[in-house]
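An overview of the molecular structure
Here's the letter readout for the chains.
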Amino acid sequence: GVSIESLLCRRLRTIAWEEERPGWPRVVAVTVDAQNRPNIELVRTRAAAGYIDSFADPEFISELPHFQLPALQGRLRAFEIEGDSMLPLESGSIVVCRYVEKITDVKDGHCYVAVSMRDGVVYKRLQQDPKRNGFVCRSDNANYPAFALPWNEVRELWEYQAHIAFRDPAAIHQNLLEEKIEEIRKNVADLHRQYGESPSKQSH
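Think of each chain on its own: its residues are numbered from 1, step by step along the sequence as written. Thresholds applied to this predicted model are a pLDDT of at least 70 for local features of residues and 80 or more for the giving and counting of side-chain atom pairs; totals over whole chains, interfaces and linings are not thresholded and use all residues. The side-chain values count all of the structure's non-hydrogen atoms but skip hydrogen atoms and water molecules.

1. Details of the pairing of strand 1 (residues 40-43)
It is a general feature of regular strands that their side chains alternate between the two faces of the sheet. As a reminder of what qualifies: Burial classes follow relative accessibility: with a 1.4 Å probe on protein chains only, a residue under 20% of its type's maximum area counts as buried, one over 50% as exposed, and anything between as partly exposed. Under the DSSP-based scheme used, a helix requires at least four consecutive residues in state H or I and a strand at least two consecutive residues in state E, with every element numbered from the N terminus. Here, a strand pair is defined by DSSP locating no fewer than two bridges between the strands.
Side chains of strand 1 alternate between two faces, with Ile-40 and Leu-42 and Glu-41 and Val-43 buried alike. Bridging between strand 1 and strand 3 (residues 76-80) involves three bridges; their strand directions are parallel. Bridged to Val-43 within strand 3 is Phe-79.

2. Re the sheet that holds strand 3
The sheet built from nine strands is open, its strands ordered 2-1-3-4-9-5-6-7-8 with mixed pairing. The open sheet has two edge strands, strand 2 (66-67) and strand 8 (147-150), and neither has a second partner.

3. Observations regarding the nonpolar core
We apply this condition: Take the buried residues of types Ala, Val, Leu, Ile, Met, Phe, Trp, Tyr and Cys, join any two whose side-chain atoms come within 4.5 Å, and each joined set is a nonpolar core. What makes two residues a contact is simply this: any of their non-hydrogen atoms within 4.5 Å.
Judged by nonpolar contacts, the single largest core of 21 residues is most densely connected at Tyr-51, Phe-79, Val-95, Val-113, Tyr-123 and Trp-158. Elements that contribute at least two residues to this core include exactly helix 3 (48-54), helix 4 (58-62), strand 4 (94-99) and strand 5 (111-116). Among residues more than four places away in sequence, those in contact with Val-95 are Arg-77, Ala-78, Phe-79, Ile-81, Leu-89, Val-113, Tyr-123, Tyr-160, Ala-162 and His-163. In this structure, Ile-103, Ala-114, Leu-126 and Trp-151 belong to the second largest nonpolar core, which totals 13 residues.

4. Considerations on the state of the cysteines
In protein structure, a disulfide is the covalent linkage between the sulfur atoms of two cysteines. Heads up, the condition is: Disulfide assignment relies on a single distance test, namely cysteine sulfur atoms paired within 2.5 Å.
A complete count under the given rule lists zero disulfides for this structure. Lacking any disulfide linkage, Cys-97 is separated from the closest cysteine sulfur, that of Cys-111, by 8.9 Å.

Here it is in structure tokens:
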């Protein structure tokens, strides 16, 4: 029941995962430097649509920007994050992730980049949902609702290892604090309107 391609190209311990996920590629395309060390390929936001169609194409992967981080080991890939659903990780940050070979390796509550035809390239916290044969994808920003991602729609999974940000962490924290204070102020004003009272007339 194992394909010839799997026997020739994959380590046997990964075949069980491939049987569970028949839509996944048999071989993960990677690039190496002049010393035969694996590169970390970078998937920019503008390349995400092409990546969904060509993530198993060695030629496409070879054309991606790449770099190395000596502190990290394994089969790694980097993805540019778009939007504010995973704050305090801001839009434009880059997450470096390790390839996930088996569904049992996914840890509840950990962050992953999931590649699927339906949702594209998304960075979320995953929760196993065996009853529905999939994952629950959650954002760190509470303004974004969770959504389901069936296992049979997932094409690749990459687990978060590190990230690269381009702003001072203190400035990011200050912005988040100001946004939270403004949200509280609006909620208090809404309560005052609901009960027909002016905020200026309230005693402190």
